[in-house]
Amino acid sequence: MEGDIFSSAGNDAQVDDKILQIFQKSFGQVQDILDQNRLLINEINQNHESKVPDNLTRNVGLIKELNNNIRRVVNLYADLSHSFTRSMEASSEGESAATLKSDGKASQKRIRSG
C-alpha cells in the first residue's frame, strides 16, 4: 500500500514538471510581447515628439498593435491563472486521496450507500 502512495508522489513530480514547463513557456511568451511593447512605445513617443503628420498617422497603427499585444498578455495571464488553479485543485485532490495516518498507514474513506 505504501508503494501506491510513493508512486503517486512520483506522478505528482511528473505533473509538476509539466506545469513548470507550461509556466516557463507562457512567461517567455509574455516577456517577448512586453519587449515588443517597449519598442512600440519608444517608436510611438519618437513619432509624437517629431510632430510629423505621417509619423502621427503611423502612431494609430502602432497604438492598435500595442493594444492587441496588451490583450494577448492579459489572455496569457488568464490562461496561466486557470492552469495554476487546476493544478492546485488536482494536487489537493491527490493529497486528500493519499493521506497517511499517524501510524503510517494510508487512510481510506468508505463511501456509504444511502
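Everything discussed here concerns the structure shown above.
Residues numbered from 1 in each chain as written. Predicted model: local features only at pLDDT ≥ 70, side-chain atom pairs only at ≥ 80, totals over all residues. Heavy atoms only, no water.

## Examining the overall build of the protein
Stage number 1. When helices and strands are counted, the protein shows 2 helices and 0 strands.
Stage number 2. Expressed as a percentage of its 114 residues, the buried residues of the protein come to 18%.
Stage number 3. Total accessible area on the protein is roughly 9100 Å²; 53% of this is exposed by carbon and sulfur atoms. (Helix = DSSP H or I, 4+ residues; strand = E, 2+ residues; numbered from the N terminus. Buried < 20%, exposed > 50% of the residue type's maximum accessible area, 1.4 Å probe, protein only. Areas by Shrake-Rupley, 256 points an atom, 1.4 Å probe, with all protein chains shown as cover.)

## Examining the pattern of salt bridges
Stage number 1. The final tally for this structure, using the stated rule, is 2 salt bridges.
Stage number 2. Note that Arg38 is salt-bridged to Asp35, the shortest N-O span being 3.1 Å. Of this pair, Arg38 and Asp35 are both found in helix H1 (residues 2-50), 3 residues apart, which corresponds to roughly one turn of the helix.
Stage number 3. Given a relative accessible area of 48%, Arg38 falls into the partly exposed group. (Salt bridge = Lys/Arg side-chain N within 4 Å of Asp/Glu carboxyl O.)

## Quick word on the packing of aromatic side chains
Stage number 1. Under the definition given, this model contains 3 aromatic pairs.
Stage number 2. Ring-pair connections join several aromatic residues into one group, and the members of that group are Phe23, Phe27, Tyr77 and Phe84. (Phe/Tyr/Trp six-rings, centres within 6.5 Å; stacked < 30°, edge-to-face > 60°.)

## Remarks on unusual backbone geometry
Trans peptide bonds make up most of the peptide bonds, and negative phi angles are found at most residues other than glycine.
Stage number 1. Backbone geometry at Lys51 places phi at a positive 55°, although glycine is not the residue there.
Stage number 2. Along the chain, Lys51 turns up in the loop between H1 and helix H2 (53-97).

## Quick notes on the side chain of Asn69
Stage number 1. Positionally, Asn69 belongs in helix H2.
Stage number 2. The exposure class of Asn69 is buried, given its relative accessible area of 4%.
Stage number 3. For Asn69, the contacting residues outside a window of four places in its chain are Ile33, Gln36, Asn37 and Leu40. (Contact = heavy atoms within 4.5 Å.)

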